[in-house]
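# Summary of structural features
Read off the chains here:
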Amino acid sequence: MSTGEKVAGSVANYVDERTGAAKWLKKNLTKVFPDHWSFMLGEIALYSFIILLLTGTFLTFWFDPSQREVIYHGSYLPLNGIHMSAAYDSTLHISFDVRGGLLMRQIHHWAALLFMSSIVAHMLRVFFTGAFRKPREFNWIIGIGLLTLGIVEGFLGYSLPDDLLSGTGIRIAEAIIQAIPIVGSYLTFFAFGGPFPGTSFIPRIFTVHVLLLPGIFLALITVHLMLVWYQKHTQYPGPGRTEKNVIGYPLMPVYMAKAGGFFFIVFGISAFLGAVASINPIWLYGPYTPGQISAGSQPDWYMGWLDGLVRMAPPIETHAFHHTISWNILIPGVIVPGIFFTFLALYPFIESWMSNDKREHHLLDRPRNAPNRTALGAFGITFMLVTLANGGNDLIATHFSLSINQITWMSRIGILILPPLAFFVTKRLCLSLQRADRELVLHGKETGRLVRLPHGEFVEVHEPLTDAQAWTLTQHEQLPALELPEVDAHGVLRPGGLRNRFRAKVSRSNAEAIAKPKPDDLKGIEDH
Amino acid sequence: MSDKAPRLSDPGLPEHVHRKADTDPAAAKKAERQVAILFTLSALGTILFIYSYIWVKTDRFIFIPIMGDQNASQLGMGIGLTFSLLFIGMGAIHWAKSLMPDNEVAAERHEFRSEEADRADFVATVKEQGAASGLGRRSLIKRSLGLSLGLIGLSPLLLLRDLGPLPKKSLEQTSWKTGTRLVTDPSGRPIKPSDLEVGAVAQVLPELQPGQERTLENVGKDAVLLIRLRPEEFELSPERLSWTYQGIIAFSKICTHMGCAVALYEQQTKHLLCPCHQSTFDVPRAAKVIFGPAARPLPQLAITVDSEGYLVAQKPFTEPVGPSFWERSS
Amino acid sequence: MKRLSRYRRHRFAGPVLLVFALFMIGATFSVASANTRLAARVMSRTAAIDEGRQIFLKGCSSCHGLNAEGGKIAPSLIGVGAAAVDFQVGTGRMPMADMSVQAARKKPAYNPDQVAALAAYVASLAPGPAIPDQQVVYYERDGSTAQGGELFRTNCAMCHNFAGQGGALSRGKYAPSLMKATPTQIYEAMITGPQSMPKFGDKIITPSEKLDIIKWIKAAQNEPSLGGASMGRVGPVTEGLLGWILGLGLLVGIAVWLATKAR
């Protein structure tokens, strides 16, 4: 026995004598985690959160969250002698007068972008594979909560330096709050401590950014992970993988080494981006004043879709009875995002309502085997891409010699046409892929080898799939559509007829599939 | 509800294939060396970081192909940190993949739902204990509890009241008064009509009275854009025309959509464009919105000249500037 | 005179007289030569105007009219001054390559002498802003970068972007990037207001403030990469793209490696 093993043994002994946790710990140290690259997306989000905590703490050592006016005399000469807020001044100080400060600022910002993009990618993975189904609905909702809070946290974070670009962003956020009917102007005066921009906002959002939201994040992430732990991870279908087992590697040592190593990888990639690519160069933007503006003022990408929606909004306001309602702000800034996120959060329940499937699911779907869901996902992605593109319409215009007016009109039309089109195309594509799977199982793989039969006919040799491959392509369930007869057994019209008819209709659409091969079909082939 | 259709048979977990390192000691030794090399690279990265932090001057630049001249200190520290972190991770993962046991194991999973009897028992207990509290029967307690819980949120909400003053008429007022001079931003010089040629613009603010200081809140409402056109180019109502002076017209620079500075003037088309959301305003027609999400024209400031010939405001803005709000009456 | 003549036998009389005589000769010569230079300049100016007129008739008159009076598709050039010509032709914007919404910066069609001749011709039609060569020379000495930045952000950044990279205007027009603009061209653009750009008169932005702006733009042109590759200096759009493609791309690549079985 090596010394290492001896030490590990005594540590385990020491812990158990004081906690009596031997049984529990043994069970959990050998807990099995399935291995797949797409299961690492959530880990990227988790690790970038830790990186954000570490680098963010470093930044607070110098950052002065104050809108007190100072005159800059630091080492960045093009701003020498300019009036600015202490927040902007201290951010310049971190960037140019603290060694490694700019690197840390950039790692922090890149990690924030990675945090948001990995959350979105993770969410898409969970969505398209149906991992949100029972019993994981609540973890899905927590995830949507984390995504929403992440958007807010990121926005507050890049607003802190009080530069011209982020100040413009705050100005827009202020206009959205101000547009809320009845309480809007009160809310802005409370948020800003008076008229915009005031001197209270940066200190306030600083506390929210470094204390309140990270605290909520920590709590939600803990619950999120505990649920993953307790409910055990889902797995992709394959030979030997069932609803009743998890196939993978034990936590100790393989998964620990891989996950721990991956933390360093995520940190390393953040550091790499921070080293080679400039991000949020606030010294170029200049300090914020409401009288100045830069061409191409855009938010970070996770706010960009909102900006794109606002840019394409119709110019409608209602003026009645001495009051104003700004639909041009409320629709893109509040109503559409509200509907989108609510639908997203409720989707697990909507799907189980459509399929009437109340069972637990631990085996993931291949996206093609859930055509309706996959098409809905494509709908959402297309919607987001159109809004994102419109959020950058000015840059697209200058870089591709187009006109912002054309792009805006194309987006206005595109947002109505393209998502439904994507839904339709994706659904057909999924069904075609199902058909291809069926062909593959029934007739095997095309080998490209041509054989001439004795009577002169040329045929291509098909190689049959292995049992494992055939199983993977056919293991999924194909649920029939919901039968909701309009009349009951006695021929009496059932209550809620219209609702039932609607439910039956969406259920039919949801259940649309190409029949997968049955064992008998395969037998038939063999006999033939 | 489930799919009752017969399925193919599950062939079960595939047989475990041994790695080279499991069977060949030389391969295992090689993998061990590879892991060691990765960890060493990480150590070298840390050394590069320390060197860059201490010895590379922050004003030194080095040429990197594609990227151009780069700050040597920033790049050295960054690449050093990247190596030190990335290669620890790579080493650990390579170690786990090539040398730690790679037998996939199966863990059983049980349905979360308890046995029928246990669950019925649990549900019954909850019902019973809930009934024992008497909440369902004692409606007085139920209602008064509802009232107190409903109200309890009010105190913390009320505590937030002192976050800021009430808006009152603040959103509707600017610093512009009858006779306030227009001065250039940021230099603060008063302007004569002759200072502006046709096709010229000026970013202006109200002149400060002695002892006054300009706050950003003021700039956020007072900023004005001055544009000179040929007088015959205007298509204005007689009233609005009287607000101009010799072809010079003044608009609030704060967008009526979301408050960005609408300072982007196209001299040939005479359009004002907001760079935030591309609302486009037609200057000769009193800043009428011709494109984009803004719903109202920019407020026009009535201007004239004072006895010394400098441009001044005829009167304050006649409507609130900036984005809309609930109490705005038009 | 009498008092002066007392010194005529002074021992310094000779040398003083000599110095005086030399000075007078020099002065006379310089006046005379200045006159001839002036004459030469007048001569060459008329010659330049003639040459400019020839170039104009060949290259510009089809749109701007035979006497630069303008036409349906091009404005009159009477009174635009030499500065406008030097800017438009010197940056290659004129003559236009095609009838697109905006004349783009390209390789100039004429050499500097021809541009000067054209400028002289247009300037001879009516008085207008002259080429600001002399004013611009000392921007490095007299300008203030920080002050220029402040002026730039108030007056220029809304179209040309915070770092002078240019930006979109309505209907396909754009504010060009300033990364190739010379000090003289920047000054000319401010006083002549080319294409969509408004004019900035000397009372609104004083000549010395214009030098501040020029100095800031020159600094922006040479702005070093302080935090890594600048990615076009157009704000968060390229950052987001890089985050998704390079950042998440690399991480997903590594995750795929992590999850593949070793052989």
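The structure reproduced in this document is the subject of the present report.

Criteria and cut-off values
Residues numbered from 1 in each chain as written. Chains lettered and ligands numbered in written order. Predicted model: local features only at pLDDT ≥ 70, side-chain atom pairs only at ≥ 80, totals over all residues. Heavy atoms only, no water. Axes fitted to C-alpha atoms, helices over the stretch in contact; angles between N-to-C directions. Helix = DSSP H or I, 4+ residues; strand = E, 2+ residues; numbered from the N terminus. Parallel < 35°, antiparallel > 145°, perpendicular 65-115°, else oblique. Contact = heavy atoms within 4.5 Å. Nonpolar A, V, L, I, M, F, W, Y, C, P; charged D, E, K, R; others polar. Patch = residues over 30% accessible without salt bridge, like charges linked within 9 Å, V, L, I, M, F, W, Y side chains within 5 Å. Areas by Shrake-Rupley, 256 points an atom, 1.4 Å probe, with all protein chains shown as cover. Salt bridge = Lys/Arg side-chain N within 4 Å of Asp/Glu carboxyl O. Buried area = accessible area lost by both parts, 1.4 Å probe. Polar contact = N/O pair within 3.5 Å; in protein donor to acceptor, adjacent residues only side chain to side chain. Pairing = 2+ DSSP bridges.

Further remarks concern the packing of helix 8 (residues 145-155) of chain C against helix 11 (residues 207-221) of chain C. Residue and element names in this part refer to chain C. It is the contact of helix 8 with helix 11, at a shortest axis distance of 7 Å, that shows an interaxial angle of 95°. Relative to helix 11, the element helix 8 is oriented roughly perpendicular. Judged by residue contacts, T145, Q147, G148, G149, L151 and F152 of helix 8 engage E209, D212, I213, K215, W216, I217 and A219 from helix 11. Here the contact of helix 8 with helix 11 is built from residues that sort into six nonpolar, four polar and three charged.

Residues and elements named next belong to chain A. Taken together, V7, V11, Y14, V15, W24, L25, L29, M252 and M256 make up a surface patch of nonpolar side chains, about 830 Å² in accessible area. Only helix 1 (3-19), helix 2 (22-29) and helix 10 (251-276) provide two or more residues apiece to the nonpolar patch. Of the residues forming the nonpolar patch, the biggest block, four residues, is contributed by helix 1. Within the secondary structure layout, Y14 lies in helix 1.

In this assembly, 117 residues from chain A lie in contact with 87 residues from chain B. In this assembly, chain A packs against chain B so that about 8,800 Å² is buried in total across both faces, 66% of it on carbon and sulfur atoms. One salt bridge in this structure joins B:E104 and A:R241, with 3.7 Å as the shortest N-O distance. Taken together, chain A and chain B are joined by 29 residue pairs in polar contact (both at pLDDT 80 or more). For the side of chain A that touches chain B, the element with the most residues is helix 10 of chain A, which contributes 16 residues. When its residues are assigned to classes, the side of chain A that touches chain B shows 58 nonpolar, 39 polar and 20 charged. Relative to strand 3 (residues 105-108) of chain B, strand 4 (residues 245-250) of chain A runs antiparallel, the two being bridged by four bridges. If you follow A:N245 over to strand 3 of chain B, its bridge partner there is B:E108.

Of the residues lining the interface, 63 residues belong to chain A; the matching set on chain C comes to 47 residues. Of the roughly 4,400 Å² buried between chain A and chain C on both sides combined, carbon and sulfur atoms contribute 71%. Linking chain A with chain C are zero salt bridges, by the criterion used here. When residues of the side of chain A that touches chain C are traced back to their parent elements, those giving at least two are helix 3 (41-60), helix 5 (101-129), helix 7 (164-178), helix 10, helix 11 (282-285), helix 15 (393-399) and helix 16 (404-443) of chain A. The element that contributes the greatest number of residues to the side of chain A that touches chain C is helix 10 of chain A, accounting for ten residues.

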